[in-house]
Amino acid sequence: MSSPNEQFYIRYYSGHSGRFGHEFLEFDFRVVPGGCALARYANNSNYRNDSLIRKEMCVSALMIKEIKRIIKESEIMKEDDAKWPQKNKDGRQELEIRMGNEHISFETAKIGSLVDIQESADPEGLRVFYYLVQDLKAMVFSLIGLHFKIKPI
Amino acid sequence: MADMDVDMEAAPAASSKGAPVPVRSIEGWIVLVTNVHEEASEEDLNDLFAEYGEVQNLHLNLDRRTGYVKGYALAEYSTKEEARAAVDGINGKKLLDQTVAADFAFVRPPPGAVNGGNNSGGSAGRGRGNRGTAAGRRQRSTSPGKAEGGEE
């Protein structure tokens, strides 16, 4: 396994500008000295006068290890966004990962459904991206929910 | 967030000894278990966690592609004692033939880390409209740093 102090950074962004302003979701994890990772999460929409939600937390080394495992097993680091759909008026997604000596920085359009993937020029690669993002989002929502959310009664 | 900053100032440090200090979440203590077998069920995990205390919340996320368990589970306990017992008891244990690892999911940030992050990340969003930062402290029983394990 990789050393816990290996350089590690991941950022995901998905957003667009429209009727309700700049609506986006963004999160990142950055390993800081001491073996934990600082995680940030932001979610903005002006829909019905919602305002920016911003959260920060520090996750343990075991959590980082799990995130790295998920990334490695997805094999996203072998992909290339050259043939992925370009961002458009419906918005864009960005995924940046720095892990050890490897670095990727992808940008593509939002993916509405699996049809978008099948019709793209690189369905294999885009599928890897799509499912990795879904898995990461599920994890971040779990972490945010457990760390910050008050149980409804 | 403002309340996190408050915690940090009141609680200097992720320990001088080096081991990160677990931190309390809003309703309890969160334990992470990894290397969970892909065919494990929520019941398997509940049984595992329930040995160490009452599980308040359990997240067993699935792989979006395969539908099988992704490989990690998050459980919430009300007290630090229960969570500590779970971490110590579950770490290295076998579950469906796989040796799992366990630890707290959240730790106290090292000094300065969060403040630095805030500044570089743009502080435009601080102080959300509906929650005055002046009021500061959230519904947190005690600052986690004040008395080790004294939050229950």
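- In the annotation of an unreviewed UniProt entry, the entry for chain B reads RRM domain-containing protein, and the organism field reads Drechslerella dactyloides.

- Going by the annotation in an unreviewed UniProt entry, the name recorded for chain A is Mago nashi-like protein, with Drechslerella dactyloides given as the source organism.
- Of the comments in the UniProt record for chain A, the one headed Subcellular location (unreviewed entry) reads "Nucleus".
- Annotation of chain A in UniProt includes, under Sequence similarities (unreviewed entry), the sentence "Belongs to the mago nashi family."

Side note on the interface of chain A and chain B
For interface size, the figure often reported is the accessible area lost on association.
Argument step 1. Listed per partner, the contact involves 36 residues of chain A and 46 residues of chain B.
Argument step 2. For the pair chain A and chain B, the summed buried surface comes to about 3600 Å²; carbon and sulfur atoms form 60% of the total.
Argument step 3. Of the charged contacts, one joins Lys70 of chain B and Asp135 of chain A as a salt bridge, the two residues approaching to 2.9 Å between their closest N and O atoms.
Argument step 4. The interface formed by chain A and chain B includes 11 residue pairs in polar contact (both at pLDDT 80 or more).
Argument step 5. Put simply, the parts of the chain that give the side of chain A that touches chain B at least two residues each are strand E3 (36–44), strand E4 (53–59), helix H1 (61–74) and helix H3 (123–148) of chain A.
Argument step 6. A per-element tally of the side of chain A that touches chain B places H3 of chain A first, with 12 residues.
Argument step 7. Taken together, the residues of the side of chain A that touches chain B break down into 20 nonpolar, 6 polar and 10 charged.

As for the UniProt feature "domain: RRM" (unreviewed entry) in chain B
Argument step 1. Per the UniProt entry, the sites bearing "domain: RRM" (unreviewed entry) are residues 29–107 of chain B in this numbering.
Argument step 2. Here residues 29–107 of chain B runs as 25% helix and 32% strand, with 10 Å between its end C-alpha atoms.

So, the confidence of the model for chain B
Residues and elements named next belong to chain B.
Argument step 1. On average, residues of chain B score 76 in pLDDT, and 61% of them are at 70 or above.
Argument step 2. Throughout residues 1–16 the model reports pLDDT below 50, and contacts reaching past four residues in sequence, or to other chains, amount to 36 contacts.
Argument step 3. Scored below 50 in pLDDT, residues 116–152 shows 56 contacts in the model against residues more than four places distant or in partner chains.
Argument step 4. Reported for the predicted complex are a pTM of 0.81 and an ipTM of 0.91.

Notes on the packing of aromatic side chains
Working definition: an aromatic ring pair is given by the centre-to-centre distance plus the angle between the planes.
All names here are of chain A.
Argument step 1. Taken as a whole, this structure holds 9 aromatic pairs over all chains when the rule is applied.
Argument step 2. Measuring from ring centre to ring centre gives 6.3 Å for Tyr41 and Phe141, while their planes differ by 80 degrees; the resulting arrangement is edge-to-face. Linking Tyr41 in strand E3 with Phe141 in helix H3, this pair joins segments that are 100 residues apart in sequence.
Argument step 3. Judged by its relative accessible area of 8%, Tyr41 is buried.
Argument step 4. Ring geometry for Trp84 and Phe129: centres 5.1 Å apart, planes at 55 degrees, overall tilted. Taken together, the residues Trp84 in the loop between H1 and strand E5 (92–99) and Phe129 in helix H3 connect sequence positions 45 residues apart. The two residues Trp84 and Phe129 agree in class, both being buried.
Argument step 5. Every member of this aromatic cluster is reached through a ring pair, and the members are Tyr12, Phe27 and Phe29.

Rules behind the numbers
- Residues numbered from 1 in each chain as written.
- Chains lettered and ligands numbered in written order.
- Predicted model: local features only at pLDDT ≥ 70, side-chain atom pairs only at ≥ 80, totals over all residues.
- Heavy atoms only, no water.
- UniProt positions renumbered as here; feature names shortened; annotations may be inferred.
- Contact = heavy atoms within 4.5 Å.
- Buried area = accessible area lost by both parts, 1.4 Å probe.
- Salt bridge = Lys/Arg side-chain N within 4 Å of Asp/Glu carboxyl O.
- Polar contact = N/O pair within 3.5 Å; in protein donor to acceptor, adjacent residues only side chain to side chain.
- Helix = DSSP H or I, 4+ residues; strand = E, 2+ residues; numbered from the N terminus.
- Nonpolar A, V, L, I, M, F, W, Y, C, P; charged D, E, K, R; others polar.
- pLDDT = per-residue confidence, 0-100.
- Phe/Tyr/Trp six-rings, centres within 6.5 Å; stacked < 30°, edge-to-face > 60°.
- Buried < 20%, exposed > 50% of the residue type's maximum accessible area, 1.4 Å probe, protein only.

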